[in-house]
Amino acid sequence: MLPAPVARSLSELGQNLRVARKRRKETLASFAERMQVSIPTLRKMEQGDPSVSIAIYAMALWLIGRLAFLSEIADPFNDETALLLELRRLDPKAR
């Protein structure tokens, strides 16, 4: 079972992708074809199903012009927790 915040985030991502598809007037069939997946897989993605491959989410993001944001999610430059851990190791007084 997924932690609640993870399940919620996947659900929101799926819902957002569904809205993006609908705003573009794409049917399930046409969007699934463009994504090279079945309609049931597209439905699962839009429901935030964790069994759907990240590649499928990436394909949907690419089709709506939002793929660039995927690589930014875990960008080390924005990893504040890791930065704080590194600073603590460098400054023993910070412990």
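Our structure is the block above this text.
Now for a description of the structure that goes with this document. What you see is a predicted model, and the numbers here were worked out from it, not measured in a lab. (Residues numbered from 1 in each chain as written. Predicted model: local features only at pLDDT ≥ 70, side-chain atom pairs only at ≥ 80, totals over all residues. Heavy atoms only, no water.)

### Side note on the side chain of Glu46
Rules: Helix and strand assignments follow DSSP, with helices taken as H or I runs no shorter than four residues and strands as E runs no shorter than two, numbered in order from the N terminus. We call two N or O atoms a polar contact when they sit within 3.5 Å, provided that within protein one can donate a hydrogen and the other can accept it, with sequence-adjacent residues counted only if both atoms are side-chain atoms. In what follows, residue pairs with any heavy atoms lying within 4.5 Å of each other are defined as contacts.
Mapped onto the elements of the fold, Glu46 is located in helix H3 (residues 39-46). Here Arg21 takes part through its side chain, which lies 2.6 Å from a polar atom of the side chain of Glu46. When sequence neighbours within four positions are dropped, the list of residues in contact with Glu46 reads Gly14, Gln15, Leu17, Arg18, Arg21 and Leu28.

### Topic: the environment of Ser71
Topologically, Ser71 is positioned in helix H5 (residues 68-72). A polar contact is formed between the side chain of Ser71 and the backbone oxygen of Ala68, at a distance of 3.2 Å.

### Section: the nonpolar core
How we decide: Nonpolar core, defined: a set of buried Ala, Val, Leu, Ile, Met, Phe, Trp, Tyr and Cys residues in which side-chain atoms within 4.5 Å join the residues together. Only protein chains enter the accessibility calculation, which uses a 1.4 Å probe. A residue is then buried if its area is under 20% of the maximum for its type, exposed if over 50%, and partly exposed in between.
Membership of the largest hydrophobic core comes to 15 residues, with the highest contact counts inside it found for Leu17, Phe31, Met35, Leu42 and Met45. Counting only elements with at least two residues in this core, the list comes to helix H1 (4-23), helix H2 (28-35), H3 and helix H4 (54-63). Here the element with the most residues in this core is H4; it accounts for 5 residues. Apart from residues lying up to four places away in sequence, Phe31 is in contact with Arg21, Glu26, Leu42, Ala60, Leu63 and Ile64.

### Thoughts on a nonpolar patch on the surface
What counts, and what does not: Every patch collects residues that have over 30% relative accessible area and no salt bridge, joining them within 9 Å if they carry like charges and within 5 Å if they are nonpolar side chains (Val, Leu, Ile, Met, Phe, Trp, Tyr). Only the protein chains shown count as cover for residues, with accessible areas throughout obtained via the Shrake-Rupley method and a probe of 1.4 Å. Within this document, salt bridges are pairs made up of a side-chain nitrogen of Lys or Arg and a carboxyl oxygen of Asp or Glu, the two lying within 4 Å of each other.
The grouping of Leu83, Leu84, Leu87 and Leu90 at the surface amounts to a nonpolar patch, some 420 Å² of accessible area in total. Here Leu87 shows up in helix H6 (residues 80-90).

### Digging into unusual backbone geometry
At Lys25, a residue that is not glycine, the phi angle is positive and equals roughly 60°. The topology assignment puts Lys25 in the loop between H1 and H2. The phi dihedral of Gln36 is positive, around 65°, even though this residue is not glycine. Among the structural elements, Gln36 can be located in the loop between H2 and H3.

### A short note on the packing of H1 against H4
Note the cut-off: Only the contacting stretch of a helix is used when fitting its axis, a line to C-alpha atoms as for every element, and angles between N-to-C directions run 0 to 180 degrees. What makes a crossing left-handed is the near helix being turned counterclockwise from the far one by less than a right angle; a clockwise turn instead makes it right-handed. Under the grouping applied here, Gly and all other residues not named as nonpolar or charged are polar, the nonpolar ones being Ala, Val, Leu, Ile, Met, Phe, Trp, Tyr, Cys and Pro and the charged ones Asp, Glu, Lys and Arg.
In contact at an axis separation of 11 Å, H1 and H4 are set at 35° when each is read in the N-to-C sense. With respect to the hand of their crossing, H1 and H4 are arranged in left-handed fashion. Residues Leu10, Leu13 and Leu17 of H1 pack against Tyr57, Ala60 and Leu61 of H4. Considering only residue class, the contact of H1 with H4 consists of 6 nonpolar, no polar and no charged.

### Things to note about H3
Just so we agree on the cut-off: What the arc measures is the spread of directions leading from the helix axis to the C-beta atoms.
Turning to H3, its buried residues are Leu42, Met45 and Glu46. Seen end-on, H3 carries its buried residues on one side only, within an arc spanning 95°. Buried-residue contacts for H3 involve H1, H2 and H4. Just downstream of H3, Gly48 is the residue with a positive phi angle, here 75°.

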